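Structural features, examined
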Amino acid sequence: MGLAAIVIWSCNIAVSRSLSEKVGALTAGAAMFLLAGVVGCAWAAVVERRLGAMLRLPRAYLLGCGGLFVTYMVCLYLAIRLAATRQQTLEVGILNYLWPGLTLVFAIPLLGTRVRAPFGLGVLLALAGAALAPLRPGEYSLAALRAALGAHPWPYLLGLAAAVQWALYSALSRRWAADAEGGAVPLFALASGLVLGALRLVLPEPAQWSARAVGETLFMALVPTLIAYALWDRAMRRGNVTLVAALSYLIPVLSTFVSGFYLDVRVGWHLWLSCGLIVTGAVLCGRSVVRPAAATATAGRQAA
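Residues numbered from 1 in each chain as written. Predicted model: local features only at pLDDT ≥ 70, side-chain atom pairs only at ≥ 80, totals over all residues. Heavy atoms only, no water.

**Structural notes on the overall build of the chain**
Let me state the cut-off plainly: Strands are runs of DSSP state E lasting at least 2 residues, helices are runs of H or I lasting at least 4, and numbering of each runs from the N terminus. A radius of gyration in this sense is built from C-alpha atoms; the matching globule rule multiplies 2.2 Å by the number of residues raised to 0.38. Only protein chains enter the accessibility calculation, which uses a 1.4 Å probe; a residue whose area is less than 20% of its type maximum is buried, one above 50% is exposed, and one in between is partly exposed. Throughout, a residue-residue contact means that at least one pair of heavy atoms, one from each residue, lies within 4.5 Å. In this description, accessible areas are obtained by the Shrake-Rupley approach with a 1.4 Å probe, and a residue is regarded as covered only by the protein chains that are shown. Two residue types count as positive, namely Lys and Arg, and two as negative, namely Asp and Glu; His and chain ends fall outside the count. A single reference atom marks each charge: NZ on Lys, CZ on Arg, CG on Asp, CD on Glu.
Counting its secondary structure elements, the chain contains 16 helices and 2 strands. Radius of gyration (C-alpha) of the chain: 19 Å, near the 19 Å computed for a compact globule of 304 residues. Reported as C-alpha extents along the three principal axes, the dimensions of the chain are approximately 50 × 50 × 30 Å. Buried positions account for 50% of the 304 residues belonging to the chain. Across the chain, contacts joining residues at least 24 apart in sequence account for 89% of those joining residues at least 6 apart. With the model as given, the accessible surface of the chain reaches about 13300 Å², and the carbon-plus-sulfur share is 69%. Each charge sign in the chain was given a centre, from 23 positive and 10 negative side chains, and these centres are 9 Å apart.

Have a look at this one:
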């Protein structure tokens with residue numbers, strides 16, 4: 001489930017930017033999350049008959065993880081809205097994909113995960129990759145980084161904030177609802193749509209709906225939003241959180257490839273290097289996690 005969510009999410013940034021250019025980022029986010037929330041809640045109420053059970057999930061999970069889910073979406077779609085160009089959208093997407101490594105970082109204090117010494121090096125490599133993304137080829141210095149961030153900082157800051165919030169969501173959903181039956185992603189999606197819709201009223205934006213815009217909205221609402229987030233929520237609550245988080249290092253590479261193709265943006269070698277550093281850092285973090293002997297034996301029996 002976690003791997004399926006990772007593959008699906010690789011198209012998130014590309015389709016969101018394309019749709020945002022037609023109807024506005026807040027309008028796009030509000031439409032897709034409201035639709036996903038309504039469909040998900042209706043399915044839970046009519047088919048699965050567990051809408052009431054969702055409301056009885058641990059309060060810490062509903063309020064804490066729900067709040068992180070909503071603020072993550074707000075930060076991400078504001079970052080896409082404020083990105084000046086498609087190129088900057090790719091850079092924001094790469095920053096956002098710091099969350100796999102950060103999930104493992106937060107798993108140490110929140111889930112009691114133990115790590116070996118190379119873990120710190122993995123974190124540094126991932127941060128170096130994130131710092132490289134806003135730079136231009138040949139301009140690799142702290143002064144250049146300050147200049148790049150100073151010229152247009154908000155998309156980058158919001159992308160980084162989104163990465164922190166999704167990493168916290170992933171770790172805390174395991175801590176607060178690991179034993180719960182079913183998650184509350186439809187409720188979280190509905191809340192996200194309502195908040196983004198309220199922001200849309202405060203920050204108006206032009207919208208030009210077309211057949212392609214409607215198709216992208218339906219796709220984003222039902223596949224990456226409803227299905228993928230439900231798969232991820234289940235994987236983080238009931239699966240091997242270390243393995244799932246480590247597999248998510250595939251996302252920056254897949255997302256950058258899909259975004260470059262779908263948005264017709266040339267992905268320079270420095271962005272691939274940025275992706276490579278983030279991926280290498282996440283892989284090193286994942287391989288530095290110490291798995292308890294009992295968990296290792298259980299995983300071996302399941303694989304057998």
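Moving on, there is more to tell.
**A word on the pattern of salt bridges**
Note the following rule: A carboxyl oxygen of Asp or Glu within 4 Å of a side-chain nitrogen of Lys or Arg is what we treat as a salt bridge.
Counted according to the given criterion, the structure contains 6 salt bridges. For Arg 86, the salt bridge is made with Glu 21, and the minimal N-O distance between the two is 2.7 Å. Of this pair, Arg 86 sits in helix α6 (residues 86–96) while Glu 21 sits in helix α2 (residues 12–23), and the two are 65 residues apart along the sequence. On the basis of relative accessibility, which here comes to 40%, the residue Glu 21 falls in the partly exposed class.

**A look at the environment of Gly 159**
Here Gly 159 is to be found in helix α10 (residues 153–177). Discounting chain neighbours no more than four positions away, the residues touching Gly 159 are Ala 79, Val 92, Leu 95 and Asn 96.

**Section: the state of the cysteines**
Definition in use: Two cysteine sulfur atoms form a disulfide, by the criterion used here, when they sit within 2.5 Å.
Taken as a whole and assessed by the stated rule, the structure comprises 0 disulfides. Between Cys 11, a free cysteine, and Cys 275, which holds the nearest cysteine sulfur, the sulfur-to-sulfur gap is 16 Å. Assessed through its relative accessible area of 0%, Cys 275 is described here as buried.

**Digging into a nonpolar patch on the surface**
Condition: Patch criteria: residues need more than 30% relative accessible area and no salt bridge. Like-charged residues are merged within 9 Å; nonpolar side chains of Val, Leu, Ile, Met, Phe, Trp and Tyr are merged within 5 Å.
On the surface, Leu 3, Val 7, Leu 250 and Leu 254 cluster together to form a nonpolar patch covering roughly 290 Å² of accessible area. Looking at the nonpolar patch, the elements that each hand over two or more residues are α1 (2–9) and α14 (250–262). Take Leu 250: it is sitting in helix α14. Accessibility expressed as a relative area gives 32% for Leu 250, which makes it partly exposed.

This is a description of form; function is not addressed.
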